[in-house]
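Observations on the three-dimensional arrangement
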Amino acid sequence: MRLASVVALLFLGCDLSVAPPPPPPDPNTIHLGFLAPFSGPSAFIGLGAEKSARLALKEINEAGGVNGKKLDLILRDTRTGLPESPSISVAAVNELADAGVVAIIGPDASANVVAVKDTVVARGVPLIATGATSPAITGLADNDLIWRTPPSDAVQGLVLANLIRRDGMDGLAIIHRDDPYGNGLASVLRTSFEQTGGQVLAYVSYPVGKFEGFEPEVEQLLASGSPPAIAIVGFGQDTAGILRALQVRNPVPRPALYGGDANSGQLLIDNTPPEILVGMRSTAPSFRLDSPNYVKFAESYRRTVGEEPEYEFVYDAVYLAALAMVQGRENSAAAVRAHLRDVSRPDSATPLMVGVGADEFMRAAQNAGADLDFQGASGDIDFDMAGDVTHATYVVREMVATPEGLQSMVLERVSFP
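The rules behind the values
Residues numbered from 1 in each chain as written. Predicted model: local features only at pLDDT ≥ 70, side-chain atom pairs only at ≥ 80, totals over all residues. Heavy atoms only, no water. Helix = DSSP H or I, 4+ residues; strand = E, 2+ residues; numbered from the N terminus. Expected span 1.5 Å × (residues − 1). Buried < 20%, exposed > 50% of the residue type's maximum accessible area, 1.4 Å probe, protein only. pLDDT = per-residue confidence, 0-100. Contact = heavy atoms within 4.5 Å. Pairing = 2+ DSSP bridges. Axes fitted to C-alpha atoms, helices over the stretch in contact; angles between N-to-C directions. Polar contact = N/O pair within 3.5 Å; in protein donor to acceptor, adjacent residues only side chain to side chain. Core = buried A, V, L, I, M, F, W, Y, C linked by side-chain atoms within 4.5 Å.

Below, the discussion takes up helix α13 (residues 333-344). With twelve residues, α13 should cover 16 Å at 1.5 Å per step; its first-to-last C-alpha distance of 17 Å lies within 8% of that length. Of the residues making up α13, those classed as buried are Ala333, Ala335, Val336, Leu340, Arg341, Val343 and Ser344.

This brings us to the confidence of the model for the protein. Residues at a pLDDT of 70 or more form 94% of the protein, whose mean pLDDT is 93. Confidence over residues 1-20 falls short of pLDDT 50; this stretch has 27 contacts with residues more than four positions distant or in other chains.

Glancing now at the sheet that holds strand β3 (residues 103-105). Taken in spatial order, the five strands make up an open sheet running β2-β1-β3-β4-β5, and their pairing is parallel. Each end of this open sheet is capped by a strand with a single partner; those strands are β2 (71-77) and β5 (146-148). Going across the sheet, the axis of each strand differs from the next one's by a mean of 25°, ignoring polarity. Pairing geometry for strand β1 (residues 30-36) and β3, over three bridges, is parallel. Paired with Gly33 across the bridge in β3 is Ile104. Helix α3 (residues 85-98) contacts β1, β2 and β3 of the sheet and is inclined by roughly 150° relative to β2.

Note that Ser300 resides in helix α11 (residues 292-305). In this structure Ser300 comes out as buried when scored by relative accessible area, which is 5%. Of note is the side chain of Ser300, whose polar atom sits 2.6 Å from the side chain of Glu59. With residues up to four places along the chain from it excluded, the contact list for Ser300 reads Leu55, Glu59 and Val305.

Ranked by internal contacts, the top residues of the largest apolar core, which has 52 residues, are Leu32, Phe34, Val66, Leu71 and Phe361. Counting residues per element, this core draws most heavily on helix α12 (residues 312-328), at twelve residues. Apart from the residues lying within four places of it in its own chain, the contact partners of Phe34 are Gly46, Ala49, Glu50, Ala53, Leu73, Ile74, Leu75, Arg76, Leu96, Ile105 and Val314. Counting residues in hydrophobic clusters, the runner-up holds 24 residues, among them Ala173, Ile232, Leu268 and Ile276.

See the structure below:
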């Protein structure tokens, strides 16, 4: 059975509030925890991300597993996007630690990473976040247990500000979620925009869990008249609510619209009138088109899952946890924590570059103890002392009307450094 079918069966008709508890983990396998939204407004993320995680597990297990044992996943729901998501994530981390996971892949949201920090430290389980980009995560006192594969919004805010200024906008109104993701990206955007000579005309926040009734916030955005540009730092469903209120208000001249990494998906398209969404531009962490490891991941994903590839940051996180245990010659949380940095970057004059796929993982296992340097589908990881990646590629997208409907089209890619 193809992987896509397996994942689909896991969730077909599944009501998480009444579903029976999952079977106990197999004691003969190594358990990785997987935190993602499988219900709520962001459930599509969990369903997609799990496919990338399971593809990585499939390839690693085909190579013989880790130190002679197979890997498996233990899933927990985060309900990302809802007010209760942080507390649910804390409970999920405790459940995963009780189940004996050696590492946790995810969660996808910055607010959830910040919320689980104390629990992660108390339980001593390393966590590799796969969608959390807030700059606040960099400074967490996490005992070297919190890592992430996507880059910090300290870079994305600069990329977005440069895009808006390059488009000729000298005035900007910003509206953002009041959580670590929204506050972090909006703050960097504001500072970067002003440093390039632009003027921030309005700076408005809104509470997590608000999806409708944005008329008061829109009035604040337009308090000084119609700004040249508006940037929305939100998730798909709340951004859609803001845009619907903005359409009703109908400012003249119409501001140019911009957003961050959560503002280009199908959820936004499906819930927003196309006439206001056309032309909106956004930025998001991405991958280099010339990366042979991305090409290899994409081909494997299409062949195995039967869909277009996505969630390369999840795929890379699974590989990193497995390689850290190979390097430590021990299947434990301590080995993952101790060796994640070792296997992510060149630390000698003669590093052994390790790519993705069963063949590359087998080669790494045969050379355990060498200076392994993982080159992932998302690019070079190279963790710094805060557990952040030091290389980043961003994609710039625009909402375009096509005969098939509204689509988010790639305009360019920007790489740092």
